[in-house]
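The residues making up each chain are set out below.
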Amino acid sequence: MLKKLIIAILTLSICLNLSGCSQFNDSDALLRPPNFSGEYTAIYNALKSSVHQGDKISLQSPQSGEYRSSIILQNYNDSLKQAIAFYKSGVQETLSGTGLRMGVFSELNGNWTCNWDLPCDGEKVDKVMFLKDESNIYNYLIVGYSSEQQTQKNYCIYNFNIDNFHILYAGEYQAMEVCDINEDGINELITIGHYEKETNNSKNYSIIDKTKNSHYITSAVINSISNDHIALWGETQMSGNIINYTNISFDHNSFGKPTLFIDEQITKTTYGTEVLIYENDSLKNIILENNMIDQTIRYQVPISYDINKNGTIEIPHTKLFPGYDQNSTSPIYITNWRKFQNGKLVDDITTYVNYSQGFGITLPKHWEGKVSAKNLYQNDEIEFFVYHNSLENDKEKLLRLRIDSQNNKNNIPFNYFVVRTDGPILYLANLSTVNPLTDPTLSISPDQVKNQFFTMYINSNINSKDK
């Protein structure tokens, strides 16, 4: 029961603190009035008033990205407040095809009004983003939509001007993000998808027509938006041999130039990363160009991460602890975090990470090949021990790690000590080692455990965060 409670708390913590969720998030099947407050209540009431049988609408929340509320406030400029709300209405379902709709609102003298209400191009809202124009005004709204029967998602770019709200462009994507890739102070739209291969030097991006007998490749594309004009001015090929994309991280420090780390799920159990560098007005896929995709493949770890907090992103790569192989029932993995050095990927930090419980520890370098680990399911612990050619020979125990509830802080088990506290969670360690060890250098002190321990919550499609 305690384990289920702690996992539930961790899951809630991940949602609230990491994924952009807020108290205003709503499920896809909202059957009761949401518990809004302040301006959100006023917007929700304005939505109900503008829709026939508004008390029967169900609010819809974006499934990924920074904005996760069904009602999103975004000021067009300093003087004009605007908001959008996504909802479904059974009454209007036949009009919009899928039933998913978007209301666009503005505020005047404390009163919110629905200025526009229009059908959306999908069954669910995947992602919401905003782009500023040259005047530093949020002039463009980008919404990604998903549907069960489509392999790619649809996105629409809207002019966010409340007096002239309309669609500028519609396209397809598998992943997308906004970032200032050319460092000109204005964000561009990066999309990754299965696109028609260009056969000329045209830089104008057109809607893909897959009814034509054309050749398609998976590409990352840079789209600029200016004066209501959409233009493609950079692209590079991607591997394409993936199930889906799990995360896009934008970084300036890893290579001293704008860089995109594109994390992807390759099979049901494996992940990989492609790295795109922007230089000389072009986009380069240095992983694909140097045939290094196999060096990024790993189990369990969906995204790249700045694991040592040095300002650069490392790419994870996993290998098995001694004594395990791929046929083992419950293999345990070491995660090596790799960086680029002289054109090669080299191991930088070696860790064990428990992704389901949100913690990890940096492993001492001299443990490599000499220490293994096993799960102790009775107390839901991970145990590290000196490896002597068999997982059964675990008498030389080094370290145990587990989670517990703050409610038990006055009843910590014997020989355990608190490594870290995080809200309602206690992280505990046990150093009941055999004394003396056959190799005393393998022992680890309480201070080392505390210094090398970290919390790490990772979720697909969401930038991760640690404490």
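Residues numbered from 1 in each chain as written. Predicted model: local features only at pLDDT ≥ 70, side-chain atom pairs only at ≥ 80, totals over all residues. Heavy atoms only, no water.

Caption draft 1: Seen up close, the overall build of the protein chain. A count of helical and extended segments in the protein chain gives five helices and 29 strands. Relative to its 467 residues, the protein chain shows a buried fraction of 50%. A fraction of 48% describes how many contacts in the protein chain between residues 6 or more apart in sequence connect residues 24 or more apart. Accessible surface computed for the protein chain: about 22,300 Å², of which carbon and sulfur atoms make up 46%. (Helix = DSSP H or I, 4+ residues; strand = E, 2+ residues; numbered from the N terminus. Buried < 20%, exposed > 50% of the residue type's maximum accessible area, 1.4 Å probe, protein only. Contact = heavy atoms within 4.5 Å. Areas by Shrake-Rupley, 256 points an atom, 1.4 Å probe, with all protein chains shown as cover.)

Caption draft 2: Molecular detail of the sheet that holds strand S6 (residues 124-132). If you trace the four strands from one edge of the open sheet to the other, you get S6-S7-S8-S9, paired in antiparallel fashion. In this open sheet, the two strands that pair with only one neighbour each are S6 and strand S9 (166-173). With strand direction ignored, the average angle separating the axes of adjacent strands in the sheet is 20°. Strand direction decides the pairing type here: strand S8 (residues 153-159) and S9, joined by seven bridges, are antiparallel. Considered in S9, the bridge of Tyr-155 is made with Gly-171. (Pairing = 2+ DSSP bridges. Axes fitted to C-alpha atoms, helices over the stretch in contact; angles between N-to-C directions.)

Caption draft 3: Inspection of the pairing of strand S22 (residues 359-362) at higher detail. Here four bridges tie strand S21 (residues 344-354) to S22, and the two strands are oriented antiparallel to one another. Note on S22: the bridge partner recorded for Val-353 is Gly-360. Turn length for the S21-S22 hairpin, with the two strands adjacent in sequence and antiparallel, is four residues, and the turn residue Gly-358 shows positive phi of about 75°.

Caption draft 4: Structural view of the state of the cysteines. Going through the model one piece at a time under the given rule, you end up with zero disulfides. Free of any disulfide, Cys-120 has its nearest neighbouring cysteine sulfur in Cys-156, separated by 8.0 Å. On the accessibility criterion, Cys-120 (5% relative accessible area) is buried. Residue Cys-156 is classed as buried on the basis of its relative accessible area of 2%. (Disulfide = S-S within 2.5 Å.)

Caption draft 5: Up close: unusual backbone geometry. For Gln-300, which is not glycine, the phi torsion reads 75° and is therefore positive. Tracing the chain through its elements places Gln-300 in the loop between strand S18 (298-299) and strand S19 (315-320). In this structure Gln-300 comes out as partly exposed when scored by relative accessible area, which is 36%. Although it is not a glycine, Asn-415 sits at a positive phi angle of roughly 75°. Secondary-structure assignment places Asn-415 in the loop between strand S25 (397-405) and strand S26 (416-422). On the accessibility criterion, Asn-415 (41% relative accessible area) is partly exposed.

Caption draft 6: Spatial organisation of the environment of Gln-295. Of note, Gln-295 is situated in the loop between helix H4 (286-289) and S18. Separated by 49 residues in sequence, Gln-295 and Lys-344 have C-alpha atoms that sit 9.6 Å apart. In contact with Gln-295, other than residues within four places in its own chain, are His-317, Arg-338 and Leu-345.

Caption draft 7: A look at the sheet that holds S25. Strand order across the open sheet formed by five strands is S23-S24-S25-S27-S26, with antiparallel pairing between neighbours. Among the strands making up the open sheet, the edge pair consists of strand S23 (371-376) and S26. In this sheet, adjacent strand axes meet at a mean angle of 20° when their direction is disregarded.

Caption draft 8: Examining the pairing of S21 more closely. In this structure, strand S20 (residues 333-341) lies alongside S21, joined through seven bridges in antiparallel fashion. Paired with Arg-338 across the strands is Asp-347, a residue of S21. What sits between the antiparallel neighbours S20 and S21 is a turn of two residues, in which Asn-342 has the positive phi angle 55°.

Caption draft 9: How the structure looks around the packing of aromatic side chains. This model, assessed by the stated rule, comprises 16 aromatic pairs. Plain terms: the ring middles of Phe-130 and Phe-160 are 5.4 Å apart, the flat faces sit at 65° to each other, and that makes the pair edge-to-face. In this pair, Phe-130 is assigned in strand S6 and Phe-160 in the loop between S8 and S9, connecting sequence segments 30 residues apart. In this structure Phe-130 comes out as buried when scored by relative accessible area, which is 6%. Put simply, the rings of Tyr-67, Phe-130, Tyr-158, Phe-160 and Phe-165 pair up and form one aromatic cluster. Directly above the ring of Tyr-305 sits Lys-309, whose terminal nitrogen or CZ lies 4.7 Å from the centroid. For the cation-ring pair, Arg-402 lies above Tyr-416, with the distance from its terminal atom to the ring centre recorded as 5.5 Å. (Phe/Tyr/Trp six-rings, centres within 6.5 Å; stacked < 30°, edge-to-face > 60°. Lys NZ or Arg CZ within 6 Å of the ring centre and 35° of its normal.)

Caption draft 10: The arrangement of the environment of Gly-369 in detail. Structurally, Gly-369 is set in the loop between S22 and S23. Residue classification places Gly-369 among the exposed residues on the basis of a relative accessible area of 54%. Separated by 46 residues in the primary sequence, Gly-369 and Gly-323 place their C-alpha atoms 9.8 Å from one another.

Caption draft 11: Highlighting the nonpolar core. In terms of nonpolar packing, the biggest core is built from 31 residues, with Phe-321, Tyr-352, Phe-384, Leu-401 and Val-449 touching the most fellow members. Ranked by size, the runner-up nonpolar core spans 21 residues in total, among them Cys-156, Phe-160, Ile-162 and Phe-165. (Core = buried A, V, L, I, M, F, W, Y, C linked by side-chain atoms within 4.5 Å.)

Caption draft 12: Focus on helix H2 (residues 39-50). The end-to-end C-alpha distance of H2, which contains twelve residues, comes to 17 Å, matching closely the 16 Å that a straight helix rising 1.5 Å per residue would cover. Turning to H2, its buried residues number three or more, namely Tyr-40, Ile-43, Tyr-44, Ala-46 and Leu-47. Viewed end-on, H2 has its buried residues packed into an arc of 160°, placing them on one side of the element. Where H2 is buried, its residues touch strand S1 (58-59), strand S2 (71-73), strand S3 (82-88), strand S4 (100-108) and strand S5 (111-119). (Expected span 1.5 Å × (residues − 1). Arc of directions from axis to C-beta.)

Caption draft 13: Main features of the side chain of Thr-312. As for its placement among the helices and strands, Thr-312 is situated in the loop between S18 and S19. A polar contact of 2.9 Å, which involves the side chain of Thr-312, links it to the side chain of Asn-310. Those residues within four positions of Thr-312 in sequence are excluded, and the remaining contacts are Asp-251, Asn-253, Ser-254 and Asp-306. (Polar contact = N/O pair within 3.5 Å; in protein donor to acceptor, adjacent residues only side chain to side chain.)

These figures capture arrangement, not role.
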